[in-house]
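# Examination of the molecular architecture
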Amino acid sequence: MPSAHRPRTARFDAVVIGGGPSGATAAHLLSSWGHRVALLTRPGARPSLAESLPPSCRKLFDRAGVRGAIDAAGFLRSTGNTVRWGADSQRVERFADGELGYQVSRDAFDRVLLAECVAAGALVTQRATVRDVREDRDADGRAIVSYDVGATHRRVAARWILDCTGRAGLIARRGWRHPEPRLRTMAIAAVWERRDGWPLADPTHTLVESYEGGWAWSVPVSETRRHVTVMVDPAVTTVAGRARLSTTYHAELSRTASLRDLVEGANLVGRPFARDASSYSCVHAGEDGVLLVGDAASFIDPLSSYGVKKALASAWLAAVVVHSCISNPSLVAPALELYDSRERAIYESLRTRLSELSREAAGAYAGGFWHDRADPVDALDREFAAEPDVTALRADPDVLAALAELKQRPSIALHPARGLERVRKPVVSGNTIVLAEHLVAPAFPDGVRYLRSVDLVAIVDLARAHDQVPDLFDAYNRAAPPAALADFLGALSVLVGKRMLSLA
(Lines give C-alpha, C1' and ligand atoms only; values in the text may rest on other atoms or scores of the structure.)
Protein backbone atom coordinates (compact mmCIF):
# COMPACT_ATOMS: atom_id res chain seq x y z
CA MET A 1 0.00 0.00 0.00
CA PRO A 2 1.22 3.54 -0.65
CA SER A 3 2.52 5.50 2.30
CA ALA A 4 0.18 8.01 3.92
CA HIS A 5 2.85 10.62 3.24
CA ARG A 6 3.29 9.65 -0.42
CA PRO A 7 -0.01 9.44 -2.29
CA ARG A 8 -0.47 7.18 -5.26
CA THR A 9 0.75 8.83 -8.48
CA ALA A 10 -1.77 8.68 -11.32
CA ARG A 11 -0.18 8.47 -14.78
CA PHE A 12 -1.23 10.34 -17.90
CA ASP A 13 0.07 11.16 -21.35
CA ALA A 14 -0.23 14.88 -20.62
CA VAL A 15 -0.99 17.10 -17.64
CA VAL A 16 -2.42 20.52 -18.45
CA ILE A 17 -2.07 23.14 -15.72
CA GLY A 18 -4.61 25.94 -16.06
CA GLY A 19 -8.23 25.87 -17.20
CA GLY A 20 -8.51 29.02 -19.31
CA PRO A 21 -9.07 28.96 -23.08
CA SER A 22 -5.59 27.59 -23.86
CA GLY A 23 -5.66 24.86 -21.22
CA ALA A 24 -9.21 23.69 -21.89
CA THR A 25 -8.67 23.66 -25.67
CA ALA A 26 -5.39 21.75 -25.53
CA ALA A 27 -6.81 19.17 -23.10
CA HIS A 28 -9.97 18.80 -25.18
CA LEU A 29 -8.06 18.16 -28.40
CA LEU A 30 -5.60 15.68 -26.89
CA SER A 31 -8.43 13.76 -25.21
CA SER A 32 -10.43 13.64 -28.43
CA TRP A 33 -7.34 12.19 -30.16
CA GLY A 34 -7.22 9.30 -27.70
CA HIS A 35 -4.69 10.46 -25.09
CA ARG A 36 -5.06 10.28 -21.32
CA VAL A 37 -5.13 13.87 -20.10
CA ALA A 38 -5.47 15.48 -16.68
CA LEU A 39 -6.35 19.16 -16.39
CA LEU A 40 -5.70 20.95 -13.10
CA THR A 41 -7.38 24.28 -12.48
CA ARG A 42 -9.02 26.33 -9.78
CA PRO A 43 -11.71 29.04 -9.72
CA GLY A 44 -10.53 32.57 -10.34
CA ALA A 45 -10.27 34.68 -7.22
CA ARG A 46 -10.77 37.98 -9.04
CA PRO A 47 -13.64 39.51 -11.06
CA SER A 48 -14.01 38.19 -14.58
CA LEU A 49 -13.01 40.29 -17.57
CA ALA A 50 -14.93 40.68 -20.81
CA GLU A 51 -13.41 39.66 -24.14
CA SER A 52 -14.20 40.61 -27.71
CA LEU A 53 -13.64 37.71 -30.13
CA PRO A 54 -13.44 38.45 -33.88
CA PRO A 55 -15.30 36.27 -36.42
CA SER A 56 -12.00 34.62 -37.40
CA CYS A 57 -12.11 32.75 -34.07
CA ARG A 58 -14.78 30.49 -35.60
CA LYS A 59 -12.12 28.62 -37.59
CA LEU A 60 -10.33 27.82 -34.34
CA PHE A 61 -13.61 26.82 -32.68
CA ASP A 62 -14.19 24.42 -35.56
CA ARG A 63 -10.66 23.06 -35.33
CA ALA A 64 -11.10 22.49 -31.60
CA GLY A 65 -14.55 20.95 -32.08
CA VAL A 66 -16.32 23.44 -29.77
CA ARG A 67 -18.14 25.80 -32.12
CA GLY A 68 -21.53 24.18 -31.58
CA ALA A 69 -21.27 24.54 -27.81
CA ILE A 70 -20.12 28.16 -28.05
CA ASP A 71 -22.88 29.11 -30.47
CA ALA A 72 -25.42 27.44 -28.17
CA ALA A 73 -24.18 29.33 -25.11
CA GLY A 74 -26.06 32.49 -26.07
CA PHE A 75 -23.16 34.94 -26.07
CA LEU A 76 -23.88 38.39 -27.46
CA ARG A 77 -22.91 38.59 -31.14
CA SER A 78 -21.14 41.67 -32.48
CA THR A 79 -21.20 43.27 -35.92
CA GLY A 80 -17.88 45.13 -35.48
CA ASN A 81 -16.06 47.91 -33.64
CA THR A 82 -16.49 51.65 -33.17
CA VAL A 83 -13.10 53.37 -32.98
CA ARG A 84 -11.88 56.86 -32.05
CA TRP A 85 -8.12 56.83 -32.53
CA GLY A 86 -5.45 59.50 -32.61
CA ALA A 87 -6.56 62.57 -34.51
CA ASP A 88 -9.31 60.68 -36.33
CA SER A 89 -12.96 61.25 -35.64
CA GLN A 90 -15.09 58.33 -34.56
CA ARG A 91 -15.45 55.65 -37.22
CA VAL A 92 -17.50 52.47 -37.48
CA GLU A 93 -15.67 49.31 -38.58
CA ARG A 94 -18.04 46.48 -39.45
CA PHE A 95 -16.85 42.93 -39.89
CA ALA A 96 -16.54 41.88 -43.52
CA ASP A 97 -19.36 40.09 -45.33
CA GLY A 98 -21.80 40.59 -42.46
CA GLU A 99 -19.94 38.15 -40.21
CA LEU A 100 -20.45 38.26 -36.45
CA GLY A 101 -17.99 38.19 -33.57
CA TYR A 102 -18.62 37.15 -29.98
CA GLN A 103 -18.76 39.32 -26.85
CA VAL A 104 -18.11 37.08 -23.85
CA SER A 105 -17.56 37.22 -20.15
CA ARG A 106 -14.48 35.11 -19.57
CA ASP A 107 -15.90 33.10 -16.67
CA ALA A 108 -18.88 31.98 -18.78
CA PHE A 109 -16.70 31.34 -21.83
CA ASP A 110 -14.24 29.26 -19.80
CA ARG A 111 -17.07 27.16 -18.34
CA VAL A 112 -18.24 26.23 -21.85
CA LEU A 113 -14.73 25.14 -22.88
CA LEU A 114 -14.19 23.15 -19.67
CA ALA A 115 -17.52 21.33 -20.12
CA GLU A 116 -16.45 20.33 -23.63
CA CYS A 117 -13.11 19.20 -22.23
CA VAL A 118 -14.86 16.87 -19.75
CA ALA A 119 -17.14 15.57 -22.49
CA ALA A 120 -14.07 14.68 -24.57
CA GLY A 121 -12.77 12.45 -21.75
CA ALA A 122 -10.21 14.59 -19.93
CA LEU A 123 -9.96 14.22 -16.15
CA VAL A 124 -10.63 17.78 -14.92
CA THR A 125 -9.93 18.76 -11.33
CA GLN A 126 -11.43 22.20 -10.78
CA ARG A 127 -10.21 23.01 -7.27
CA ALA A 128 -6.58 22.04 -7.63
CA THR A 129 -3.77 24.14 -6.19
CA VAL A 130 -0.56 23.05 -7.88
CA ARG A 131 2.37 23.06 -5.44
CA ASP A 132 5.27 21.81 -7.52
CA VAL A 133 6.34 20.54 -10.91
CA ARG A 134 9.48 18.44 -10.56
CA GLU A 135 11.90 19.02 -13.39
CA ASP A 136 13.67 15.71 -12.79
CA ARG A 137 11.72 12.79 -14.25
CA ASP A 138 10.98 9.26 -13.15
CA ALA A 139 12.33 6.12 -14.82
CA ASP A 140 9.65 6.31 -17.52
CA GLY A 141 10.49 9.90 -18.40
CA ARG A 142 7.44 11.36 -16.68
CA ALA A 143 7.44 14.61 -14.72
CA ILE A 144 5.69 14.68 -11.34
CA VAL A 145 3.11 17.35 -10.56
CA SER A 146 2.08 17.77 -6.91
CA TYR A 147 -1.18 19.52 -6.05
CA ASP A 148 -3.75 19.90 -3.30
CA VAL A 149 -7.52 19.62 -3.40
CA GLY A 150 -8.59 21.11 -0.12
CA ALA A 151 -6.61 19.29 2.56
CA THR A 152 -5.88 16.31 0.29
CA HIS A 153 -2.46 16.07 -1.36
CA ARG A 154 -2.26 14.37 -4.75
CA ARG A 155 0.30 13.63 -7.47
CA VAL A 156 0.12 12.99 -11.18
CA ALA A 157 2.85 12.06 -13.65
CA ALA A 158 2.98 12.64 -17.40
CA ARG A 159 5.39 12.63 -20.31
CA TRP A 160 4.22 16.13 -21.28
CA ILE A 161 3.40 19.09 -19.04
CA LEU A 162 1.55 22.07 -20.57
CA ASP A 163 1.84 25.33 -18.64
CA CYS A 164 -1.42 27.13 -19.44
CA THR A 165 -1.40 29.33 -16.33
CA GLY A 166 -1.26 32.62 -18.20
CA ARG A 167 0.53 35.55 -16.63
CA ALA A 168 1.10 33.55 -13.42
CA GLY A 169 3.42 31.30 -15.45
CA LEU A 170 3.86 28.43 -13.01
CA ILE A 171 6.72 26.99 -15.08
CA ALA A 172 7.32 30.02 -17.32
CA ARG A 173 8.47 32.19 -14.44
CA ARG A 174 11.46 29.89 -13.93
CA GLY A 175 13.52 32.00 -16.32
CA TRP A 176 11.60 31.18 -19.50
CA ARG A 177 10.24 34.68 -20.10
CA HIS A 178 11.68 38.02 -21.15
CA PRO A 179 9.85 41.11 -19.77
CA GLU A 180 9.34 44.26 -21.85
CA PRO A 181 10.01 47.06 -19.32
CA ARG A 182 9.13 49.74 -21.88
CA LEU A 183 5.64 48.26 -22.28
CA ARG A 184 4.35 48.34 -18.72
CA THR A 185 0.57 48.58 -18.74
CA MET A 186 -2.11 48.47 -16.06
CA ALA A 187 -5.74 47.73 -16.93
CA ILE A 188 -8.31 49.30 -14.61
CA ALA A 189 -11.75 47.87 -15.32
CA ALA A 190 -15.29 48.30 -14.08
CA VAL A 191 -18.75 47.01 -14.96
CA TRP A 192 -21.51 49.45 -15.88
CA GLU A 193 -25.23 48.81 -16.29
CA ARG A 194 -27.93 50.76 -18.07
CA ARG A 195 -31.44 49.33 -17.89
CA ASP A 196 -32.80 51.60 -20.64
CA GLY A 197 -30.13 50.49 -23.11
CA TRP A 198 -26.97 52.19 -24.36
CA PRO A 199 -27.19 55.29 -26.60
CA LEU A 200 -25.21 53.76 -29.46
CA ALA A 201 -25.91 53.28 -33.15
CA ASP A 202 -24.95 49.63 -32.70
CA PRO A 203 -24.86 48.54 -29.03
CA THR A 204 -23.14 45.23 -29.93
CA HIS A 205 -19.90 47.01 -30.86
CA THR A 206 -16.65 47.03 -28.97
CA LEU A 207 -15.69 50.67 -28.40
CA VAL A 208 -12.00 51.62 -28.61
CA GLU A 209 -10.62 55.10 -27.90
CA SER A 210 -7.17 56.61 -27.48
CA TYR A 211 -6.42 59.61 -25.30
CA GLU A 212 -3.31 61.42 -24.13
CA GLY A 213 -2.68 59.24 -21.08
CA GLY A 214 -3.50 55.84 -22.59
CA TRP A 215 -6.40 54.13 -24.25
CA ALA A 216 -9.78 52.78 -23.22
CA TRP A 217 -12.22 50.19 -24.44
CA SER A 218 -15.68 48.88 -23.68
CA VAL A 219 -17.14 45.44 -24.39
CA PRO A 220 -20.86 44.64 -23.94
CA VAL A 221 -21.75 41.28 -22.38
CA SER A 222 -25.53 41.77 -22.52
CA GLU A 223 -28.02 44.36 -23.75
CA THR A 224 -27.74 46.26 -20.46
CA ARG A 225 -24.22 45.58 -19.16
CA ARG A 226 -20.81 46.69 -20.44
CA HIS A 227 -17.24 46.40 -19.19
CA VAL A 228 -15.33 49.69 -19.50
CA THR A 229 -11.53 49.58 -19.06
CA VAL A 230 -8.77 52.19 -19.12
CA MET A 231 -5.21 51.16 -20.00
CA VAL A 232 -2.45 53.23 -18.40
CA ASP A 233 1.30 53.07 -17.86
CA PRO A 234 2.00 52.97 -14.08
CA ALA A 235 5.29 54.75 -14.75
CA VAL A 236 3.35 57.67 -16.26
CA THR A 237 0.04 57.54 -14.39
CA THR A 238 0.09 57.06 -10.63
CA VAL A 239 -2.08 54.02 -9.90
CA ALA A 240 -3.16 54.43 -6.29
CA GLY A 241 -3.62 51.54 -3.89
CA ARG A 242 -6.83 49.59 -3.72
CA ALA A 243 -8.56 52.19 -1.53
CA ARG A 244 -8.02 54.92 -4.13
CA LEU A 245 -8.22 52.84 -7.30
CA SER A 246 -11.72 54.16 -7.99
CA THR A 247 -10.39 57.74 -7.95
CA THR A 248 -7.73 56.90 -10.53
CA TYR A 249 -10.25 55.05 -12.70
CA HIS A 250 -12.75 57.91 -12.83
CA ALA A 251 -9.99 60.46 -13.37
CA GLU A 252 -8.68 58.55 -16.40
CA LEU A 253 -12.16 57.89 -17.76
CA SER A 254 -12.88 61.63 -17.60
CA ARG A 255 -9.94 62.21 -19.99
CA THR A 256 -11.63 60.22 -22.73
CA ALA A 257 -14.25 61.67 -25.06
CA SER A 258 -16.68 58.97 -26.16
CA LEU A 259 -16.52 56.59 -23.19
CA ARG A 260 -16.83 59.40 -20.64
CA ASP A 261 -20.10 60.41 -22.25
CA LEU A 262 -21.22 56.80 -22.67
CA VAL A 263 -21.31 56.03 -18.93
CA GLU A 264 -23.01 59.31 -18.03
CA GLY A 265 -26.23 58.25 -16.30
CA ALA A 266 -25.23 54.55 -16.12
CA ASN A 267 -24.83 52.64 -12.84
CA LEU A 268 -21.47 51.31 -11.68
CA VAL A 269 -21.72 47.64 -10.63
CA GLY A 270 -19.27 46.99 -7.80
CA ARG A 271 -15.86 48.65 -7.62
CA PRO A 272 -13.18 49.10 -10.27
CA PHE A 273 -10.47 46.46 -10.25
CA ALA A 274 -6.96 46.34 -11.71
CA ARG A 275 -4.98 43.82 -13.75
CA ASP A 276 -1.37 43.84 -14.84
CA ALA A 277 -1.36 43.96 -18.66
CA SER A 278 2.38 44.48 -19.22
CA SER A 279 3.98 42.77 -22.20
CA TYR A 280 6.53 39.97 -22.15
CA SER A 281 7.96 37.45 -24.60
CA CYS A 282 9.51 34.03 -24.06
CA VAL A 283 13.16 33.04 -24.15
CA HIS A 284 11.93 29.73 -25.51
CA ALA A 285 8.40 28.31 -25.63
CA GLY A 286 9.14 24.65 -25.02
CA GLU A 287 11.57 21.85 -24.40
CA ASP A 288 11.28 18.08 -24.45
CA GLY A 289 8.28 17.32 -22.22
CA VAL A 290 7.23 20.91 -21.44
CA LEU A 291 5.34 23.57 -23.41
CA LEU A 292 4.32 27.11 -22.50
CA VAL A 293 0.91 27.72 -24.03
CA GLY A 294 -1.01 30.95 -24.66
CA ASP A 295 -0.28 33.80 -22.28
CA ALA A 296 2.10 31.60 -20.29
CA ALA A 297 4.55 32.02 -23.18
CA SER A 298 4.02 35.63 -24.21
CA PHE A 299 1.64 38.54 -23.87
CA ILE A 300 1.27 41.76 -25.82
CA ASP A 301 -0.87 44.79 -25.00
CA PRO A 302 -4.49 43.74 -25.77
CA LEU A 303 -4.90 46.61 -28.25
CA SER A 304 -4.94 43.98 -31.00
CA SER A 305 -7.99 42.16 -29.49
CA TYR A 306 -6.05 38.99 -30.26
CA GLY A 307 -5.71 37.55 -26.74
CA VAL A 308 -8.22 34.69 -26.80
CA LYS A 309 -7.54 33.97 -30.46
CA LYS A 310 -3.81 33.69 -29.70
CA ALA A 311 -4.59 31.37 -26.78
CA LEU A 312 -6.73 29.09 -28.97
CA ALA A 313 -4.17 29.00 -31.79
CA SER A 314 -1.34 28.29 -29.35
CA ALA A 315 -3.38 25.51 -27.68
CA TRP A 316 -4.18 23.86 -31.01
CA LEU A 317 -0.52 23.81 -32.04
CA ALA A 318 0.58 22.62 -28.60
CA ALA A 319 -1.86 19.72 -28.85
CA VAL A 320 -0.54 18.88 -32.33
CA VAL A 321 3.04 18.90 -31.00
CA VAL A 322 2.24 16.61 -28.07
CA HIS A 323 0.17 14.25 -30.21
CA SER A 324 2.92 14.05 -32.84
CA CYS A 325 5.71 13.46 -30.30
CA ILE A 326 3.78 10.74 -28.46
CA SER A 327 2.98 9.03 -31.76
CA ASN A 328 6.52 9.42 -33.13
CA PRO A 329 9.26 10.34 -30.61
CA SER A 330 11.69 11.10 -33.45
CA LEU A 331 9.65 14.26 -34.13
CA VAL A 332 10.42 15.90 -30.77
CA ALA A 333 13.21 18.19 -32.00
CA PRO A 334 11.52 19.43 -35.22
CA ALA A 335 8.14 19.76 -33.46
CA LEU A 336 9.66 21.96 -30.76
CA GLU A 337 11.43 24.01 -33.42
CA LEU A 338 8.11 24.63 -35.16
CA TYR A 339 6.28 25.46 -31.93
CA ASP A 340 8.95 27.90 -30.77
CA SER A 341 9.17 29.68 -34.12
CA ARG A 342 5.37 30.05 -34.38
CA GLU A 343 5.13 31.49 -30.87
CA ARG A 344 7.84 34.04 -31.65
CA ALA A 345 6.24 34.90 -34.99
CA ILE A 346 2.86 35.61 -33.37
CA TYR A 347 4.49 37.83 -30.76
CA GLU A 348 6.46 39.69 -33.41
CA SER A 349 3.32 40.26 -35.49
CA LEU A 350 1.35 41.63 -32.53
CA ARG A 351 4.27 43.79 -31.42
CA THR A 352 4.49 45.26 -34.92
CA ARG A 353 0.77 46.04 -34.92
CA LEU A 354 1.06 47.70 -31.50
CA SER A 355 3.89 49.90 -32.83
CA GLU A 356 1.82 50.96 -35.84
CA LEU A 357 -1.21 51.93 -33.77
CA SER A 358 0.97 53.66 -31.18
CA ARG A 359 2.72 55.77 -33.82
CA GLU A 360 -0.68 56.82 -35.11
CA ALA A 361 -1.75 57.87 -31.61
CA ALA A 362 1.59 59.50 -30.79
CA GLY A 363 1.06 61.97 -33.61
CA ALA A 364 -2.00 63.36 -31.84
CA TYR A 365 -0.85 63.51 -28.20
CA ALA A 366 2.07 65.10 -26.41
CA GLY A 367 1.98 62.75 -23.42
CA GLY A 368 4.56 60.08 -22.63
CA PHE A 369 2.31 57.01 -22.78
CA TRP A 370 2.72 56.44 -26.52
CA HIS A 371 6.46 57.14 -26.89
CA ASP A 372 7.93 53.72 -26.13
CA ARG A 373 5.01 51.85 -27.64
CA ALA A 374 5.62 53.64 -30.93
CA ASP A 375 9.18 52.32 -31.20
CA PRO A 376 9.61 49.83 -34.04
CA VAL A 377 10.00 46.16 -33.28
CA ASP A 378 13.53 45.51 -32.06
CA ALA A 379 16.10 43.20 -33.67
CA LEU A 380 15.29 40.32 -31.31
CA ASP A 381 11.69 40.21 -32.52
CA ARG A 382 12.64 40.47 -36.21
CA GLU A 383 15.25 37.77 -35.88
CA PHE A 384 12.68 35.16 -34.99
CA ALA A 385 10.00 36.01 -37.55
CA ALA A 386 8.96 32.59 -38.87
CA GLU A 387 7.17 33.61 -42.05
CA PRO A 388 8.08 36.04 -44.84
CA ASP A 389 6.59 39.51 -44.61
CA VAL A 390 4.08 39.40 -47.45
CA THR A 391 3.34 43.12 -47.19
CA ALA A 392 7.01 43.96 -47.67
CA LEU A 393 7.32 41.54 -50.59
CA ARG A 394 4.43 43.23 -52.39
CA ALA A 395 6.48 46.43 -52.51
CA ASP A 396 9.86 44.77 -53.14
CA PRO A 397 11.48 46.18 -56.34
CA ASP A 398 12.84 42.77 -57.39
CA VAL A 399 9.42 41.15 -57.02
CA LEU A 400 7.65 43.98 -58.87
CA ALA A 401 10.20 43.78 -61.70
CA ALA A 402 9.70 40.01 -61.95
CA LEU A 403 5.92 40.44 -62.12
CA ALA A 404 6.26 43.02 -64.90
CA GLU A 405 8.53 40.72 -66.90
CA LEU A 406 6.24 37.72 -66.48
CA LYS A 407 3.32 39.79 -67.79
CA GLN A 408 5.12 41.05 -70.90
CA ARG A 409 6.78 37.81 -72.01
CA PRO A 410 4.93 35.84 -74.69
CA SER A 411 6.27 32.64 -73.11
CA ILE A 412 8.34 31.56 -70.15
CA ALA A 413 11.12 29.03 -69.66
CA LEU A 414 11.61 28.56 -65.93
CA HIS A 415 14.11 26.37 -64.16
CA PRO A 416 15.45 26.19 -60.56
CA ALA A 417 18.10 28.83 -59.97
CA ARG A 418 21.68 27.82 -59.32
CA GLY A 419 22.22 27.51 -55.60
CA LEU A 420 18.59 26.82 -54.73
CA GLU A 421 18.52 24.18 -51.99
CA ARG A 422 15.84 22.07 -50.39
CA VAL A 423 15.66 21.18 -46.72
CA ARG A 424 13.11 19.23 -44.75
CA LYS A 425 11.42 21.26 -42.03
CA PRO A 426 8.38 20.65 -39.83
CA VAL A 427 4.88 21.65 -40.92
CA VAL A 428 1.41 20.74 -39.66
CA SER A 429 -0.62 18.27 -41.70
CA GLY A 430 -4.04 17.54 -40.20
CA ASN A 431 -3.47 16.96 -36.49
CA THR A 432 0.15 15.90 -36.72
CA ILE A 433 3.55 17.29 -37.66
CA VAL A 434 5.41 16.06 -40.70
CA LEU A 435 8.73 16.97 -42.30
CA ALA A 436 8.21 18.69 -45.64
CA GLU A 437 10.59 20.18 -48.17
CA HIS A 438 11.32 23.92 -47.95
CA LEU A 439 13.24 26.13 -50.36
CA VAL A 440 16.45 27.76 -49.15
CA ALA A 441 17.93 30.71 -51.02
CA PRO A 442 19.89 33.85 -50.06
CA ALA A 443 16.62 35.77 -49.63
CA PHE A 444 15.23 33.03 -47.36
CA PRO A 445 18.17 31.41 -45.55
CA ASP A 446 15.87 29.74 -42.99
CA GLY A 447 13.72 28.16 -45.67
CA VAL A 448 10.27 28.97 -47.00
CA ARG A 449 7.41 26.76 -48.14
CA TYR A 450 4.23 28.84 -48.40
CA LEU A 451 3.25 32.39 -49.29
CA ARG A 452 -0.42 33.16 -48.58
CA SER A 453 -1.07 29.39 -48.62
CA VAL A 454 0.52 28.98 -52.08
CA ASP A 455 2.93 26.03 -52.13
CA LEU A 456 6.23 27.34 -53.53
CA VAL A 457 7.78 23.88 -53.76
CA ALA A 458 4.89 22.71 -55.94
CA ILE A 459 5.40 25.66 -58.31
CA VAL A 460 9.12 24.91 -58.62
CA ASP A 461 8.37 21.25 -59.35
CA LEU A 462 5.87 22.15 -62.09
CA ALA A 463 7.66 25.12 -63.64
CA ARG A 464 9.89 23.31 -66.19
CA ALA A 465 6.94 21.60 -67.88
CA HIS A 466 5.01 24.75 -68.82
CA ASP A 467 5.94 27.71 -71.02
CA GLN A 468 2.78 29.76 -70.39
CA VAL A 469 1.80 31.28 -67.04
CA PRO A 470 -1.91 30.32 -67.45
CA ASP A 471 -0.90 26.71 -68.12
CA LEU A 472 1.34 26.68 -65.04
CA PHE A 473 -1.49 28.16 -62.97
CA ASP A 474 -3.94 25.47 -64.16
CA ALA A 475 -1.41 22.71 -63.48
CA TYR A 476 -0.77 24.06 -59.98
CA ASN A 477 -4.49 24.12 -59.14
CA ARG A 478 -4.80 20.50 -60.25
CA ALA A 479 -1.79 19.38 -58.20
CA ALA A 480 -2.30 21.44 -55.02
CA PRO A 481 -5.15 23.09 -53.13
CA PRO A 482 -6.44 25.75 -55.56
CA ALA A 483 -5.11 29.28 -55.17
CA ALA A 484 -6.47 32.63 -56.28
CA LEU A 485 -4.76 33.92 -59.42
CA ALA A 486 -3.46 37.04 -57.66
CA ASP A 487 -1.86 34.95 -54.88
CA PHE A 488 -0.33 32.55 -57.42
CA LEU A 489 1.13 35.39 -59.50
CA GLY A 490 2.52 36.97 -56.35
CA ALA A 491 4.19 33.71 -55.31
CA LEU A 492 5.61 33.13 -58.81
CA SER A 493 6.95 36.70 -58.87
CA VAL A 494 8.69 36.14 -55.54
CA LEU A 495 10.26 32.93 -56.82
CA VAL A 496 11.61 34.75 -59.87
CA GLY A 497 12.43 38.07 -58.22
CA LYS A 498 14.26 36.44 -55.31
CA ARG A 499 16.22 34.16 -57.66
CA MET A 500 14.74 30.81 -56.76
CA LEU A 501 13.44 30.33 -60.28
CA SER A 502 15.37 31.62 -63.28
CA LEU A 503 13.83 32.88 -66.51
CA ALA A 504 15.69 31.65 -69.58
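Residues numbered from 1 in each chain as written. Predicted model: local features only at pLDDT ≥ 70, side-chain atom pairs only at ≥ 80, totals over all residues. Heavy atoms only, no water.

Regarding its fold elements, the protein chain presents 15 helices and 27 strands. In terms of overall size, the protein chain behaves like a compact globule, its C-alpha atoms giving a radius of gyration of 25 Å where 504 residues would be expected to give roughly 23 Å. Viewed in the frame of its principal axes, the protein chain has a C-alpha envelope of about 75 × 70 × 40 Å. Evaluated residue by residue, the protein chain yields a buried proportion of 51% over its 504 residues. Considering only contacts in the protein chain between residues 6 or more positions apart, those separated by 24 or more positions represent 68%. Roughly 23,100 Å² of accessible area belongs to the protein chain as shown, and the carbon and sulfur atoms make up 50% of that amount. Each charge class in the protein chain was averaged separately, 62 positive and 59 negative side chains, and the resulting centres sit 5 Å apart. (Helix = DSSP H or I, 4+ residues; strand = E, 2+ residues; numbered from the N terminus. Rg over C-alpha atoms; globule rule 2.2 N^0.38 Å. Buried < 20%, exposed > 50% of the residue type's maximum accessible area, 1.4 Å probe, protein only. Contact = heavy atoms within 4.5 Å. Areas by Shrake-Rupley, 256 points an atom, 1.4 Å probe, with all protein chains shown as cover. Lys, Arg positive; Asp, Glu negative; His and termini not counted. Charge placed at Lys NZ, Arg CZ, Asp CG, Glu CD.)

Right, let's get into the pattern of salt bridges. Within the structure shown, the criterion is met by 32 salt bridges. For the salt bridge of Asp261 with Arg260, the shortest nitrogen-to-oxygen distance reads 3.5 Å. For Arg260, a relative accessible area of 36% gives the class partly exposed. Put simply, Arg452 and Asp487 hold a salt bridge, and the shortest N to O gap is 3.0 Å. One end of the pair, Arg452, is in the loop between β25 (450-451) and β26 (454-455); the other, Asp487, is in helix α15 (residues 485-497), with 35 residues separating them in the sequence. (Salt bridge = Lys/Arg side-chain N within 4 Å of Asp/Glu carboxyl O.)

In this section: the nonpolar core. Leu162 and Leu291 are the most contacted members of the largest nonpolar core, which totals 74 residues. Element by element, the count of residues in this core is highest for helix α7 (residues 307-327), at 12 residues. Residues contacting Leu291, with those up to four places away along its chain left out, are Trp160, Ile161, Leu162, Asp163, Ala285, Gly286, Ala318, Val321, Val322, Leu336 and Tyr339. With 34 residues, the next largest nonpolar core counts Val399, Leu439, Phe473 and Leu501 among its residues. (Core = buried A, V, L, I, M, F, W, Y, C linked by side-chain atoms within 4.5 Å.)

Turning our eyes to something else, we now look at the side chain of Asp396. Here Asp396 lies in the loop between α11 (390-394) and α12 (397-408). Engagement of the side chain of Asp396 in a polar contact is seen with the side chain of Lys498, the distance being 2.8 Å. (Polar contact = N/O pair within 3.5 Å; in protein donor to acceptor, adjacent residues only side chain to side chain.)

Here we take up unusual backbone geometry. Comment: phi is negative for the bulk of residues other than glycine, and the bulk of peptide bonds are trans. One non-glycine residue, Asp97, lies in positive phi territory at about 60°. Tracing the chain through its elements places Asp97 in the loop between β6 (91-94) and β7 (101-105). The exposure class of Asp97 is exposed, given its relative accessible area of 77%. Notably, Ser453 is not glycine yet its phi reads approximately 70°, a positive angle. Positionally, Ser453 belongs in the loop between β25 and β26.

Keep in mind these numbers describe shape, not what the thing actually does.
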